[in-house]
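Structural overview for review
These are the residues of each chain, in order.
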Amino acid sequence: IMINKLISILIFQFIFLLENVIAENNTFQATVQTEEVINIEISPSIWVSGNVISQHDSKISSEVEGRIISILEIGDYVKTGDIIGKIENTRYQLNYAEIQAEIQPIKSLLQFYTSEAERLNKLTKKNNAAKNQLEQIQANKDEAIAKIKLIKSKMATAYDLINRTIIKAPFDGVITDRYKSIGERVDLNDEIVRLVNTQSLEIQSYIQQESLAYMQVGDNLEIKVDSSIVNGVVSKVIPVADSISKLYEIRIQLDDQIWPVGTAVKVASPINKRQNVLAVSRDALVIRQSGVVIYRINQQNRAELIPVNTGISNATHIQVIGNISLNDKIVVRGNERLRPNQSVKVINDLDR
């Protein structure tokens, strides 16, 4: 093993020297773009699983009993207040009409008691008999008023039931499931459809206990799907572990709705405090069989090949450990075909 390792080192040194010799004799000037080595704070992290979910995802249920006479199809979009479905309401209309009919006789009595009270009120100044009759009429009048209030309350309840036969969307969304069809009978609280808002999205993820101490509302986290990485803001941290998985739930707000509901994502969950490190753009790294290298531009405008080790990273930069210093100019464009000691022309206003 030691012999093989020694051979690998010798081969790498030989290639390094050979490339230097070739570059010295190479008069071709490469056009490159550079960025400086910077000192930034990066938090060591691990990737954990997450899912894109909707902030509004509801199973809409019936609030009355009856037969469905209309209902939307799967895939239909609705706005807040749009009609999702209707339940046959004849029974509720008849109940409302029956209660409404009860109020008219009471109103007639109230009108009689009111006029009689006015008449007796004039007679009370002349005899006590009229006064006793007035008290009785006034009691009857108060009773009629109370009955009218009770009937009006019953009417309001009956009218509310009529309104509830029309199922309306509580928010904008799309019908993703339909549990009942036209002609089926539903009971109170039977699920009718599933409504999902596809615009107001967030990420649901679960973190380990070691990450909980370094996670706060307002923190920026990296979110990754395949090779795409964006930043999200932690909107909720629930410091109560699941009884089975022992993981803690977090929610992450997305500014741009770039992924559909249900997309599986990876979340960079911090496992330690932020660290100040020397870092370069991810584009600066050149991966070779012998290891990772970067190209530094010296004062003679020549490319120096620097072997490095990589450390912690974020969406745009990665820690590098090697013979580099703060503010060194590192090639980030045009480094794929560079050769050690090759002359370069630096143009930093190229479109990236």
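To be clear, the structure that these remarks concern was listed above.
Predicted model, so just to flag it, every value in this text is computed and none were measured.

1. Thoughts on the overall build of the chain
Check the secondary structure of the chain and you find four helices and 23 strands. Within the chain, buried positions represent 34% of all 352 residues. In the chain, once contacts between residues fewer than 6 apart in sequence are set aside, the share between residues at least 24 apart is 75%. Taken as a whole, the chain presents about 21,300 Å² of accessible surface, with 50% of it coming from carbon and sulfur.

2. Remarks on the layout of surface pockets
Computed from the structure, the largest pocket encloses a volume of approximately 440 Å³. For the lining of the largest pocket, the secondary structure elements donating two or more residues are strand S2 (38–42), strand S3 (45–54), strand S13 (220–225) and strand S16 (264–270). Ranked by residues supplied to the lining of the largest pocket, first place goes to S13 with three residues.

3. Concerning the side chain of Ser43
Looking at the element boundaries, Ser43 is found in the loop between S2 and S3. A distance of 3.1 Å separates a polar atom in the side chain of Ser43 from the backbone oxygen of Asn272. The contacts of Ser43, once residues within four sequence positions are left out, are Pro270, Asn272, Lys273 and Arg274.

4. Regarding unusual backbone geometry
Located in the positive-phi region is Lys246, a residue other than glycine, with phi close to 60 degrees. On the secondary structure map, Lys246 appears in the loop between strand S14 (228–237) and strand S15 (248–253). Residue class for Lys246 comes out exposed when judged on its relative accessible area of 53%. For Asn341, which is not glycine, the phi torsion reads 70 degrees and is therefore positive. Take Asn341: it is sitting in the loop between strand S22 (329–333) and strand S23 (344–346).

Criteria and thresholds
- Residues numbered from 1 in each chain as written.
- Predicted model: local features only at pLDDT ≥ 70, side-chain atom pairs only at ≥ 80, totals over all residues.
- Heavy atoms only, no water.
- Helix = DSSP H or I, 4+ residues; strand = E, 2+ residues; numbered from the N terminus.
- Buried < 20%, exposed > 50% of the residue type's maximum accessible area, 1.4 Å probe, protein only.
- Contact = heavy atoms within 4.5 Å.
- Areas by Shrake-Rupley, 256 points an atom, 1.4 Å probe, with all protein chains shown as cover.
- 1 Å grid on protein atoms, 1.4 Å probe; cavity = no way out; pocket = protein on both sides within 12 Å on 5 of 7 lines; lining within 4 Å.
- Points joined across faces, edges and corners; volume = space filled by probe spheres on them.
- Polar contact = N/O pair within 3.5 Å; in protein donor to acceptor, adjacent residues only side chain to side chain.

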